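Next come the chains, spelled out residue by residue.
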Amino acid sequence: MFDKCKNVSELIQYHATKRPDNVAITAPRKKLFVGFKYKSITFLEANKKIDQFVLKLQALGVKPQDRVLIFVKPNLDFNLIVFALFRLGAIAIFIDPGMKREYFFKCIKEVKPDALIGISKVHLLRLFYQDIFSTIKIFITMSHLSVLNKSLYHGLKKQLGKVNIYQPKTTELAAILYTSGGTGKPKGVEYGHDIFINQTRMLKTEFSLNSFDIDIPGFPLFSLFTMAIGMNSAIPFMDAAKPAECKPEFLYQNIQDNQATFIAGSPAIWERLADYCLKNKLKIQSVKSVVMFGAPVTLSLHRKFAQILTQGTTYTPYGATECLPVTNVSGKFILSNAAQEIQNGKGVCVGPALEGVKVKIIKQSQDIIKKMSDVEELGAEEIGEIIVNSLNVTKAYFEQEEATQKAKIYDGQKVWHRMGDVGYLDKNGNLWFCGRLKHVVELKNTKLYPIQVENIFNQHPKIKRSALIKNEKEQTAALVIERNDKKEEIESMFLMDLKNIAQGHEHTKFVTEFYARKNFPVDTRHNIKIDRTRLQKDVMENK
């Protein structure tokens, strides 16, 4: 089904033809006192409604290659609206509304949208910041009735007629996905239809997914892939903008009610679910795969799910918005083959490259590398910068030529993406992640890699997590600790423990300063990626 597909929305049409009565999307509604009610639509119904949305959007003036901002909460129609934009040939723009307001507005001004589809709150916001939204000519609201904006739903059921699926040219975009800004300025990643199609194919193959599988997408955009595979995407009852605040009892109920086989999202979500299940002595029998991404996953979380899942295991695919997925590894493999090395500061094993993906480790550099002939490739076990080539590597950032030049290396017709991460390949071909390139602490005679250092200290019972930073003034390495009890102090005995750990290992012996903070600043998308730049500034200004 993938080889004949040029527009990713054709996959939905395929499923509507081959298995029309299969459920495509399920949405929950909380009952007044206990439990949930669910509403579902089949692939036949979904495909028909996508066509209706296409006709409605055309009637409202949206044209192929128009850039359309989307601010719609996960619901029964979210995926259908996105696939309608794809089918129409418009460019869907996704910007994380939770990012810093400064970045949020810059992204909107940069992308120069032609249209906006959003909830009432967004339309109210644009009235106060009209210069930010000045390029938008078509304002579409999710409300059924609206005076100031055009309603997406008004007269929708009357939209009947033949829809021709737009056949994109190779160079035309399907979407622009902005990175979260958790580790730097957000960048608009350009996606063609071919990228979405290749990613869908790879995910289907890697996790052996089929039309009988049921997904609980903790990260809303992931449901676009699972629906394209032909799965039932069962929306969880949670605020997708605040994954770390999800209610695990609701998630557990959603999984049980839908008999989910595949659940995916931030480790922050599944940590809460795992703790809830262990506390209440609950098992999860239907789930085959718990897929976690956005930040390194702890050994303790793999161990927790090993006690909960009766038929499955955890998985930690490695990738980025610019190229996803790259590698994958199971919790079973980690606990059986890599746990001791992770605890000893070897980094985090993220597994072998997927079929069709090439991974190389090159000498670390902050400079632009124009072509692969300028690359110095490193051997097995040597830590360096991670670069990736595959059919799902995106080619550019929107309107950010300098960022594109820094992130891409050209090799004839091939494009290699610089992940911005450091790591190494072991002798078996497994990739080990050691941290972000920009977070490596360089001292006079050595380099300290965050994940290697932190994994050693994180084994202390008082430490929830830690972050390696640099004291630029003193040119020394420091460790910031978030305690399990949330205290902002390091008592003398605790300090002695930390110094003993530091002196006892080659990766930690250069860490000489220790600080504690009640809460770490984290990214808005996954609520788990530490904002080390902000943390470093806070510590150094207030020590």
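What you are looking at is a predicted structure, and each value in this text was computed from that prediction instead of being measured.

Criteria and cut-off values
Residues numbered from 1 in each chain as written. Predicted model: local features only at pLDDT ≥ 70, side-chain atom pairs only at ≥ 80, totals over all residues. Heavy atoms only, no water. Pairing = 2+ DSSP bridges. Helix = DSSP H or I, 4+ residues; strand = E, 2+ residues; numbered from the N terminus. Axes fitted to C-alpha atoms, helices over the stretch in contact; angles between N-to-C directions. Parallel < 35°, antiparallel > 145°, perpendicular 65-115°, else oblique. Left-handed = near helix turned anticlockwise from the far one by under 90°. Contact = heavy atoms within 4.5 Å. Nonpolar A, V, L, I, M, F, W, Y, C, P; charged D, E, K, R; others polar. Phe/Tyr/Trp six-rings, centres within 6.5 Å; stacked < 30°, edge-to-face > 60°. Lys NZ or Arg CZ within 6 Å of the ring centre and 35° of its normal.

Asker: What should I look at first to understand the sheet that holds strand S3 (residues 67-71) in this one?
Answerer: Sheet strands pair by backbone hydrogen bonding; their relative direction is either parallel or antiparallel. The seven strands are arranged S7-S6-S5-S3-S4-S8-S9 in an open sheet whose pairing can be described as mixed. Each having just a single partner strand, strand S7 (150-151) and strand S9 (188-191) make up the two edges of the open sheet. Bridging between S3 and strand S5 (residues 115-118) involves four bridges; their strand directions are parallel. Looking across to S5, one finds that leucine 69 is bridged to leucine 116.

Asker: Help me understand the packing of helix H10 (residues 299-308) against helix H11 (residues 331-343) in this model?
Answerer: Helix packing for two helices is described by the angle between their axes and how far apart those axes are. Close contact between H10 and H11 brings their axes to 10 Å; oriented N to C, the two are set at 150°. As the angle between them shows, H10 and H11 are arranged roughly antiparallel. Where H10 crosses over H11, the handedness of that crossing is left-handed. Every residue of H11 that contacts H10 at Leu299, His302, Arg303 and Ala306 is listed here: Gly331, Ile334, Leu335, Ala339, Ile342 and Gln343. Per-class residue counts for the contact of H10 with H11 are six nonpolar, three polar and one charged.

Asker: Would you take a moment to explain the packing of aromatic side chains for this structure?
Answerer: Working definition: an aromatic ring pair is given by the centre-to-centre distance plus the angle between the planes. Overall, the coordinates contain 22 aromatic pairs when judged by the stated rule. Measuring from centroid to centroid gives 5.4 Å for phenylalanine 222 and phenylalanine 293, while their planes differ by 25°, and the two rings are stacked. Note that phenylalanine 222 is positioned in helix H7 (residues 222-229) and phenylalanine 293 in the loop between strand S13 (289-292) and H10, a separation of 71 residues in sequence. Following the ring pairs from residue to residue traces out a cluster consisting of Phe83, Phe86, Tyr191, Phe196, Phe207, Phe219, Phe222, Phe225, Phe262, Phe293 and Tyr315. Looking at lysine 30, its charged tip hangs above the ring of phenylalanine 36, at a distance of 5.4 Å from the centre. When the ring centre of tyrosine 397 is taken as reference, the NZ or CZ atom of lysine 187 above it lies at 5.4 Å.

Asker: Would you mind showing me how to read unusual backbone geometry here?
Answerer: Residues other than glycine predominantly adopt negative phi, and peptide bonds predominantly adopt the trans conformation. Following leucine 324, the chain continues to proline 325 via a peptide bond in cis, the omega torsion being -10°. Within the secondary structure, proline 325 is located in strand S16 (residues 323-327). Even without a glycine there, the phi angle at glutamine 475 is positive, about 55°.

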